[in-house]
Amino acid sequence: MDSQKIADELSAVRSCHPLVHHITNTVTINDCANITLCTGAAPVMAAALEEAGEMAAMAGALVLNIGTLSSAQVESMLIAGKAANACGIPIILDPVGAGATAMRTEACERLLAELNIAVLKGNAGEIGVLAGAGGEVRGVDSAGCAGDLAAVAAACARKYGTVVVMTGPEDYISDGERTFVVGNGNPLMARLSGTGCMTASVVGAFAAAGTDLVVSSVAACAAFGRAGERAAAQARGPYSFRTALFDEMANLMEEDLAAHADVKKADTI
Ligand SMILES: Nc1ncnc2c1ncn2[C@@H]1O[C@H](COP(=O)(O)OP(=O)(O)O)[C@@H](O)[C@H]1O
Ligand SMILES: Cc1ncsc1CCOP(=O)(O)O
Ligand SMILES: [Mg+2]
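Worth saying up front: this structure is predicted, and the values here are computed from it rather than measured.

Looking at this structure, I do not really get the pairing of strand β4 (residues 91-94). What am I missing?
When a strand is regular, its side chains alternate between the sheet's two faces. Residues I91 and L93 line one face of β4 and the alternating positions I92 and D94 line the opposite face, and both faces are buried. Looking at chain direction, strand β3 (residues 61-65) and β4 are connected through 4 bridges and run parallel. Bridged to L64 within β4 is L93. What joins β3 to β4 is helix α4 (residues 71-87), and the crossover it makes is right-handed. Taking the sense of rotation as the criterion, the β-α-β connection linking β4, helix α5 (residues 102-114) and strand β5 (residues 119-123) turns out right-handed.

This is the structure we're talking about:
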């Protein structure tokens, strides 16, 4: 994928400044709001049953994150998701901890069945579980997934008819036909709670401003990963890394992204 095309996706976010509506968890909600701002979009976090549909309908993308889910929150997600679907607004689902408990797995299956999910973004364990490919999840962390990760991502995309973003040391993005591998990032990103959730927010911002969900998701992963690389170069540990990550996302230059995006096409059977 042409690196200038990736940089152009970042420019599109910054010129569109889309509203990204989140129904998300209480652990990383503030980080997701701020990474959305640093990406060039505008966050709103709104989960009340009474307003979820109205807020989703005015957004450019809807991010659903089941990190600290409740039955009431799932109902809000369904109301917001149906409103988003009616308006052609992309929904990004982060299946946090799918596979760890029956409640989480069942909530994901229900959301995937009742809504048209544009992008399913999870770690390898979560995507492996949902793909039925033997993923394992401990709490909210990936405990691995058997097999070729690119092939699992592609199979999951075909199973649910969605774009899949599978995060990890390398990120795999697939619509079941086209599959890409993004190598940008740094191991410090795995030592900070919220980087997966923040990936979903960045994917949402790019989806709202883009025209091809595979291209926008690849660009989102490359941009966030590049910000992680730049932040790691100046950090002394996970928490100074966190501060630098927001600054580097806000200051990321299109030219730097074009020069350092690490994106390859993956062959999947
Ligand atoms: N070892 C690693 N090297 C580089 N980037 C990583 C590494 N582990 C995770 N990341 C990045 O951190 C972010 C979160 O990924 P991940 O840890 O898989 O999600 P989660 O926090 O949901 O488990 C992604 O942007 C991913 O690319
Ligand atoms: C620790 C934790 N528990 C419920 S949600 C959450 C944050 C998960 O964030 P991420 O998936 O980005 O690591
Ligand atoms: Mg996660």
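Honestly, the site of ligand 2 in this entry has me stumped. Any pointers?
In the region of ligand 2, the neighbouring residues are N25, V27, T28, G67, V140, S193, G194, T195, G196 and C197. Backbone polar atom of G194 to an oxygen atom of ligand 2: 3.3 Å apart, as the coordinates give it. Contacts to ligand 2 include T195, whose backbone N or O atom sits 3.3 Å from an oxygen atom. Protein chains shield 78% of the accessible area of ligand 2, which is 370 Å² for the free molecule.

I keep staring at the site of ligand 1 and nothing clicks. Help me out?
By nearness alone, 14 residues border ligand 1, and N123, T167, G168, D171 and N186 come closest of all. A distance of 3.4 Å separates an oxygen atom of ligand 1 from a polar atom in the backbone of G196. At a separation of 3.4 Å, an oxygen atom of ligand 1 approaches a polar side-chain atom of T199. Isolated, ligand 1 exposes 550 Å² of accessible area, and the fraction of that covered by the protein chains is 83%. By residue number, the principal contributor to the shell around ligand 1 is helix α8 (residues 195-209), which donates 3 residues. Looking at the shell around ligand 1 residue by residue, the classes come out as 5 nonpolar, 8 polar and 1 charged.

Would you mind showing me how to read unusual backbone geometry here?
Trans is the prevailing form of peptide bonds, just as negative phi is the prevailing case for residues other than glycine. At H17, a residue that is not glycine, the phi angle is positive and equals roughly 50°. Checked against the element boundaries, H17 lands in the loop between α1 (3-16) and β1 (19-23).

Looking at this model, I keep getting lost on the sheet that holds strand β10 (residues 179-182). Mind explaining?
By way of backbone hydrogen bonds, the strands of a sheet pair with one another, either parallel or antiparallel. Pairing is mixed in the open sheet, where 9 strands are placed in the order β2-β1-β3-β4-β5-β8-β9-β10-β11. Among the strands making up the open sheet, the edge pair consists of β2 (42-45) and β11 (263-265). In this sheet, neighbouring strand axes are inclined to one another by 20° on average, regardless of whether the strands run parallel or antiparallel. Sheet contacts for α4: β1, β3 and β4; angle to β3, the most-contacted strand, approximately 160°. Running over the sheet, helix α6 (residues 124-131) touches β4, β5 and β8 (163-167) and is turned about 120° from β5.

What counts and what doesn't
Residues numbered from 1 in each chain as written. Chains lettered and ligands numbered in written order. Predicted model: local features only at pLDDT ≥ 70, side-chain atom pairs only at ≥ 80, totals over all residues. Heavy atoms only, no water. Buried < 20%, exposed > 50% of the residue type's maximum accessible area, 1.4 Å probe, protein only. Helix = DSSP H or I, 4+ residues; strand = E, 2+ residues; numbered from the N terminus. Pairing = 2+ DSSP bridges. Right-handed = clockwise from strand over helix to strand, strands pointing away. Near = heavy atom within 4 Å. Polar contact = N/O pair within 3.5 Å; in protein donor to acceptor, adjacent residues only side chain to side chain. Areas by Shrake-Rupley, 256 points an atom, 1.4 Å probe, with all protein chains shown as cover. Nonpolar A, V, L, I, M, F, W, Y, C, P; charged D, E, K, R; others polar. Axes fitted to C-alpha atoms, helices over the stretch in contact; angles between N-to-C directions. Contact = heavy atoms within 4.5 Å.

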